[in-house]
2 protein chains.
Amino acid sequence: MPEQPVPEQLPGHRPTLEAVAERAGVSRATASRVVNGGDGVRAHLVEKVREAVQELGYVPNPAARTLVTRRTGAVAVIIAEPEIRIFSDPFFSRQIRGISKELTAHDTQLVLLLVEDRGDYDRIERYLAGGHVDGALAFSLHTDDPLPAITRRVGMPTVYGGRPGWAPVSGGHGGVAYVDADNRGGAREAVRHLLDQGRRRIAHIAGPLDQTSAVDRLDGYRDVLLDADPALIAEGDFTAAGGAEAMAGLLERCPDLDAVFAANDLMATGALRVLRERGLAVPGDVALVGFDDAELVAESADPPLTTVRQDIEGMARLMAQLLLRTLDKAQGDRAVPASVVTPTALVRRAST
Amino acid sequence: MPEQPVPEQLPGHRPTLEAVAERAGVSRATASRVVNGGDGVRAHLVEKVREAVQELGYVPNPAARTLVTRRTGAVAVIIAEPEIRIFSDPFFSRQIRGISKELTAHDTQLVLLLVEDRGDYDRIERYLAGGHVDGALAFSLHTDDPLPAITRRVGMPTVYGGRPGWAPVSGGHGGVAYVDADNRGGAREAVRHLLDQGRRRIAHIAGPLDQTSAVDRLDGYRDVLLDADPALIAEGDFTAAGGAEAMAGLLERCPDLDAVFAANDLMATGALRVLRERGLAVPGDVALVGFDDAELVAESADPPLTTVRQDIEGMARLMAQLLLRTLDKAQGDRAVPASVVTPTALVRRAST
DNA sequence: CCGTTCGCCGGGAGCGCTCTCAGGCTCCCG
DNA sequence: CGGGAGCCTGAGAGCGCTCCCGGCGAACGG
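Remember, predicted model here, so these are calculated numbers, not experimental data.

Caption draft 1: Spatial organisation of the overall build of chain A. Tallying secondary structure elements over chain A gives 13 helices and twelve strands in all. A buried classification covers 55% of the 352 residues belonging to chain A. Nonlocal contacts in chain A, meaning residues at least 24 apart in sequence, comprise 70% of its contacts between residues at least 6 apart.

Structure (structure tokens):
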């Protein structure tokens, strides 16, 4: 690929469309038409304008463009997570990555908004209301999250990652679009797998029950174990430490358990540590299943974790696609895209 | 905190400064002055304008503002990393987080640009040239990275995370500003610590030597072990798998080694696994030191890793500060801020 | 050969804001 | 009481772009 000699913009000011037009000997309107695709402009003029653009190193001024079109070509990604998880979970990176891929493929920019504490929501609202972005993607809503109210108030098209607490599970709408993994189905599969292995006292370490993913996984567990002993269920917080604590509690209450289904891999590793400390063999004495198939966690655990995989990056891309599609047609009419639930898959490794 | 009744913007169009001015009975100019701080406007008019803003739910149009001020209030964060690392390393999250904190504290937005392959650099250049952002922060440059050429060409103020390959080590400039940890000093401390423990055959698993952080850590190792046996040095790639491979090679060449200094924690965990597989006790037979004090890696390793901590988040914040300061005063004159090298600290755990 | 249609181009308005500049007012000092 | 200094304010230009609309020429049908 030959290096294009890009003209340096030393003269302080960048060339405007006006300059391009003049150089090409056409009007500003025609130059604009060419820059935006060139439909309805005769070929030789298109050529001339393109040359002028090249020679001057013209790049459109996005602010001017946004001012008149009322589109920014940017999308906000809002991530609200307590410190701990964001650090430890590679989730974050993978989601961002999936979104980034999809957005750049559509020439759309990614503006990242991290929410540290509740006070930040004012800032977020101002930002969204300001028209800096055309739409928003948001993750991991908790039941009392103020975000939905905000996006509705400012009329910002938004797609959520993970089913929000107040949204119906069925593909239905409820005025909100989301992409979620089939948490309940995945949980069912995990538990059935444990049953298939001959396990009978199957415990569950749930996630924080103010998150729908945790609730759905618990529901999946109960779907299969209709008459599960409540003592076999402990609530964790999706961290390894929380998983360890929950495991300790479970062992105390039910020393006879022979399997554990943890609502995520991190908690499973915590559980693993406790089991090992107590001298219980995995999977010999206790079989263990996680959820997520988290990079660097599930596979490198000792023993490697059987777990339920969800396609994080694919889900993230899907979110972006949904949003972009809405923005494309919306342009006025408020079409809410349908939500999508993506399948999960059991990955069998040595822990069961 | 009483909920402010935010007026919904149903009438399609948002109120303009004009509308605010009219409602407040002042000129657009005065309204603008109030919105931008209100200096030089008499108190009662300030009050009136503020009220009008409240009542109408006015939010300035950033595009219009940018068009005239030529400032966007946004900064690009450019991250170029091969797949593997970005997924596995919590680095990414922590850097982003530090930057985000600093930027939002200065009312500046964060536009994320992820580089997947070299073809993306064209896109990046166009974007930066487009004037979407006022400055850029970039990470992990490799020696042949095209980014510096781009930022220079489009005249984009940029601060690098980690010393770029062509930049001098000394606090000096070379026309480029960066923030880096004291990799060399940290490495020296790690190796001296191993010596203090009575170790004599100290190996080093280096990072990829096209990254300055890897080179600097290797240099630090050599600073202390002036006459180190070249056979004691292996090159990894900063991943666990690479660390394992390097460790295997080292054991083959030098079965008598009694300590390993790995250039990051991930490689240290890989090494750990290999050592365990070979039946070598850590730290009994071989002492092990990592680098980074990576979340979820160093502390939760078995045994927990002695490692060199660097303050990722602090460094990231520093980068943002440096850039913002440049942007503040620059506004025309091209002041390049001085680079900063931040200290590291040895964290002693059970692996030595 | 003329009228009409259609395709293509240019003029010009206007998006919402900032900022310069001139003018008006007040206030103080002589 | 007059005049100058200083402080506020408003008018207006203009940032760079898109897009409507009017006009002009070519083409085509009658």
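Having put the structure on the table, let's press on.
Caption draft 2: Structural context of the protein's contact with DNA strand D. Residues in contact with DNA strand D amount to 27 residues; listed here are only the nearest, Leu17, Ser32 and Tyr58 of chain A together with Leu45 and Arg70 of chain B. Near-protein atoms of DNA strand D (within 4 Å) split between backbone and bases, with sugar and phosphate holding 65%. One of the side-chain nitrogen or oxygen atoms of arginine 28 of chain A is found 3.1 Å away from a base oxygen of DNA strand D. Between DNA strand D and threonine 30 of chain B, the relevant distance is 2.8 Å, taken from a phosphate oxygen to a side-chain nitrogen or oxygen of the residue. Contributing elements (two or more residues each) for the surface near DNA strand D: α2 (28-35) and α4 (62-69) of chain A together with α2 (28-35) and α4 (62-69) of chain B. Looking at the surface near DNA strand D element by element, the count peaks at five residues for α4 of chain A. Of the residues in the surface near DNA strand D, the class split is 13 nonpolar, eight polar and six charged.

Caption draft 3: Seen up close, the pairing of strand β2 (residues 109-115) of chain B. Within β2 of chain B, seven of the seven residues are buried, which leaves the element mostly enclosed by the surrounding structure. A two-sided burial pattern is seen for β2 of chain B, the buried positions comprising Gln109, Val111, Leu113 and Val115 of chain B on one face and Leu110, Leu112 and Leu114 of chain B on the other. Pairing of strand β2 (residues 109-115) of chain A with β2 of chain B involves three bridges; the strand directions are antiparallel. Bridge pairing in β2 of chain B places leucine 110 of chain A opposite leucine 112 of chain B. Note that strand β1 (residues 74-80) of chain B and β2 of chain B share seven bridges and pair parallel.

Caption draft 4: Structural context of the sheet that holds strand β3 (residues 135-139) of chain B. Spatially, β11(A)-β5(A)-β4(A)-β3(A)-β1(A)-β2(A)-β2(B)-β1(B)-β3(B)-β4(B)-β5(B)-β11(B) is the arrangement adopted by the twelve strands of the open sheet, whose pairing is mixed. With partners counted over all chains shown, the strands left at the sheet margins are β11 (340-342) of chain A together with β11 (340-342) of chain B, one partner each. The average undirected angle you get between the axes of adjacent strands in this sheet is 20°. Here strand β3 (residues 135-139) of chain A runs beside strand β4 (residues 158-161) of chain A; their pairing, made up of four bridges, is parallel. Its bridge partner being in β4 of chain A, phenylalanine 139 of chain A is matched across the sheet by glycine 161 of chain A.

Caption draft 5: Inspection of the nonpolar core at higher detail. One finds Val77, Ile96 and Leu137 of chain A together with Val77, Ile96 and Leu137 of chain B to be the most contacted residues of the largest nonpolar core, which totals 48 residues. Excluding anything up to four places from it in sequence, leucine 137 of chain B contacts Val75, Ala76, Val77, Ile78, Ile99, Val159, Met319, Ala320 and Leu323 of chain B. Of all hydrophobic cores here, the second largest spans 45 residues; its members include Ala203, Ala214, Ala244 and Ala263 of chain A.

Caption draft 6: Quick peek at the packing of α2 of chain A against helix α3 (residues 43-56) of chain A. Residue and element names in this part refer to chain A. The N-to-C vectors of α2 and α3 enclose an angle of 85°; their axes lie 9 Å apart at closest approach. It follows that α2 is roughly perpendicular to α3 by the angle criterion. Between α2 and α3, the contacting residues are Ala31, Val34 and Val35 on the first element and Val46, Val49, Arg50 and Val53 on the second.

Caption draft 7: View of the protein's contact with DNA strand C. In the vicinity of DNA strand C, 27 residues are found, and the nearest of them are Thr30 and Arg70 of chain A together with Leu17, Ser32 and Tyr58 of chain B. If you look at DNA strand C and keep only atoms within 4 Å of the protein, 66% of those are sugar or phosphate atoms. For DNA strand C, a phosphate oxygen lies 3.1 Å from a polar atom in the backbone of arginine 42 of chain A. Listed by contribution, the elements that provide at least two residues to the surface near DNA strand C are α2 and α4 of chain A together with α2 and α4 of chain B. Ranked by residue count, the leading element in the surface near DNA strand C is α4 of chain B, at five residues. Class assignment of the residues belonging to the surface near DNA strand C gives a composition of 13 nonpolar, eight polar and six charged.

Caption draft 8: Region of interest: a negative patch on the surface. Together, Asp144, Asp210, Glu235, Asp237 and Glu245 of chain A give the surface a local cluster of negative charge. Examined against the element boundaries, aspartate 210 of chain A turns out to sit in the loop between β6 (202-206) and α10 (212-224).

Caption draft 9: How the structure looks around the sheet that holds strand β10 (residues 306-309) of chain B. All names here are of chain B. Read across the sheet, six strands follow the order β7-β6-β8-β9-β10-β12 without closing on themselves; strand pairing throughout is mixed. Among the strands making up the open sheet, the edge pair consists of β7 (233-235) and β12 (345-347). Averaged over neighbouring strand pairs, the angle between their axes works out to 20° when direction is ignored. Contacts from helix α10 (residues 212-224) reach β6 (202-206), β7, β8 (259-262) and β9 (287-292), with the element oriented near 165° to β6. Lying over the sheet, helix α12 (residues 265-277) contacts β6, β8, β9 and β10, oriented at roughly 155° with respect to β9.

About the thresholds
Residues numbered from 1 in each chain as written. Chains lettered and ligands numbered in written order. Predicted model: local features only at pLDDT ≥ 70, side-chain atom pairs only at ≥ 80, totals over all residues. Heavy atoms only, no water. Helix = DSSP H or I, 4+ residues; strand = E, 2+ residues; numbered from the N terminus. Buried < 20%, exposed > 50% of the residue type's maximum accessible area, 1.4 Å probe, protein only. Contact = heavy atoms within 4.5 Å. Near = heavy atom within 4 Å. Polar contact = N/O pair within 3.5 Å; in protein donor to acceptor, adjacent residues only side chain to side chain. Nonpolar A, V, L, I, M, F, W, Y, C, P; charged D, E, K, R; others polar. Pairing = 2+ DSSP bridges. Axes fitted to C-alpha atoms, helices over the stretch in contact; angles between N-to-C directions. Core = buried A, V, L, I, M, F, W, Y, C linked by side-chain atoms within 4.5 Å. Parallel < 35°, antiparallel > 145°, perpendicular 65-115°, else oblique. Patch = residues over 30% accessible without salt bridge, like charges linked within 9 Å, V, L, I, M, F, W, Y side chains within 5 Å. Areas by Shrake-Rupley, 256 points an atom, 1.4 Å probe, with all protein chains shown as cover. Salt bridge = Lys/Arg side-chain N within 4 Å of Asp/Glu carboxyl O. Lys, Arg positive; Asp, Glu negative; His and termini not counted. Charge placed at Lys NZ, Arg CZ, Asp CG, Glu CD.

Functional significance is not addressed by these values, which are geometric in nature.
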